[in-house]
Amino acid sequence: MTAIVLYALLPIVRNTVVGLQGVDPLLVDAARGIGMSRRRSLARVELPLAWPVILTGIRVATQLAMGIGAVAAFVSGPGLGEQIFSGLARLGGANAVNATLTGTIGVAILALIFDGVFVLIGRLTTPSRRPATGGARG
């Protein structure tokens, strides 16, 4: 479990750094100019603007963890792929293909559910971007 968590941290940390570097420095300067401290500027300006990129890193990390969790059963660890590898070990026997397919489809469904949850979180926490209308109407 520790190895999976450590492995999944890379895309989260990387996307957090990229997201924060992608924030327009003028916005950060404006926040500092109106009297925000560095922490407040980070919490109120930089993190909300970097959130879509950070959330993408979390989604990627979740998918990586699901894949590694399935493969962990191969090295006799507890993992999502226990049914997959037990079915593969019994190939040619009764219900071997059923066990393998059940494990594979189960992992895929879990991955899709987690991804869907993070997409929903992204939609609920990220304001929609509407194109500019191009001026006053009259």
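Residues numbered from 1 in each chain as written. Predicted model: local features only at pLDDT ≥ 70, side-chain atom pairs only at ≥ 80, totals over all residues. Heavy atoms only, no water.

Colleague: Looking at this model, I keep getting lost on the pattern of salt bridges. Mind explaining?
Modeller: A side chain with one charge can pair with a side chain of the opposite charge if their charged atoms come near. The final tally for this structure, using the stated rule, is two salt bridges. The shortest N-O distance in the salt bridge between Arg38 and Glu46 comes to 2.4 Å. Residue Glu46 is classed as buried on the basis of its relative accessible area of 6%. The closest approach of N and O atoms between Arg59 and Asp115, which form a salt bridge, is 2.8 Å. Within this pair, whereas Arg59 is found in helix α3 (residues 38-71), its partner Asp115 is found in helix α5 (residues 96-125), the two being separated by 56 residues in sequence. (Salt bridge = Lys/Arg side-chain N within 4 Å of Asp/Glu carboxyl O. Buried < 20%, exposed > 50% of the residue type's maximum accessible area, 1.4 Å probe, protein only. Helix = DSSP H or I, 4+ residues; strand = E, 2+ residues; numbered from the N terminus.)

Colleague: Explanation requested: the confidence of the model for the protein chain in the structure shown.
Modeller: Reading predicted coordinates in detail is not appropriate for stretches of low pLDDT. Mean pLDDT for the protein chain: 86, with 89% of residues reaching 70 or above. When pLDDT is averaged over each element of the protein chain, helix α2 (residues 25-33) comes out on top at 93 and helix α4 (residues 82-89) at the bottom at 78. (pLDDT = per-residue confidence, 0-100.)

Colleague: Whenever I open this one, α3 confuses me. Can you help?
Modeller: Along an α-helix, a turn takes 3.6 residues, which lines up residues three or four apart on a common side. For α3, built from 34 residues, the straight-helix expectation of 50 Å at 1.5 Å per residue is missed by more than 12%, its first-to-last C-alpha distance being only 43 Å. Where α3 is buried, its residues meet α1 (2-21), α2, α4 and α5. (Expected span 1.5 Å × (residues − 1). Contact = heavy atoms within 4.5 Å.)

Colleague: What is the right way to read the environment of Val28 from this model?
Modeller: Position of Val28 among the secondary structure elements: in helix α2. Put simply, Val28 and Val45 are 17 residues apart on the chain and 7.0 Å apart in space, counted from C-alpha to C-alpha. What Val28 contacts, discounting residues up to four positions off in sequence, is Val23, Arg38, Ser41 and Glu46.

Colleague: How should the packing of α3 against α5 be read in this particular structure?
Modeller: Angle between the axes and distance between the axes are the two parameters that describe a pair of packed helices. Packing of α3 against α5 brings their axes to within 10 Å, and their N-to-C directions diverge by 170°. In terms of orientation, α3 and α5 fall into the roughly antiparallel class. From α3, Trp51, Leu55, Ile58, Arg59, Thr62, Gln63, Met66 and Ala70 reach across to α5, where they touch Val107, Leu110, Ala111, Phe114, Asp115, Phe118, Val119, Ile121, Gly122 and Thr125. Taken together, the residues that form the contact of α3 with α5 break down as twelve nonpolar, four polar and two charged. (Axes fitted to C-alpha atoms, helices over the stretch in contact; angles between N-to-C directions. Parallel < 35°, antiparallel > 145°, perpendicular 65-115°, else oblique. Nonpolar A, V, L, I, M, F, W, Y, C, P; charged D, E, K, R; others polar.)

Colleague: When you look at the side chain of Ser41 in this model, what are you seeing that I'm missing?
Modeller: On the secondary structure map, Ser41 appears in helix α3. Setting aside chain neighbours within four positions, we find Ser41 in contact with Val28, Ala31, Arg32, Met36 and Glu46.

Colleague: What is the right way to look at a nonpolar patch on the surface in this model?
Modeller: There is a patch of nonpolar side chains on the surface, built from Leu88, Leu91, Val97, Leu101, Ile105, Ile109, Ile113, Val117 and Ile121 and spanning about 770 Å² of accessible area. In terms of residue count, α5 provides more of the nonpolar patch than any other element does, seven residues in total. Relative to the helices and strands, Ile113 resides in helix α5. (Patch = residues over 30% accessible without salt bridge, like charges linked within 9 Å, V, L, I, M, F, W, Y side chains within 5 Å. Areas by Shrake-Rupley, 256 points an atom, 1.4 Å probe, with all protein chains shown as cover.)

Colleague: Help me out: how do you make sense of the environment of Thr102 in this one?
Modeller: Relative to the elements of secondary structure, Thr102 occurs in helix α5. Look at Thr102 and you get partly exposed, because its relative accessible area is 44%. Considering only alpha carbons, one finds Thr102 and Ile84, 18 residues apart in sequence, at a separation of 7.5 Å.

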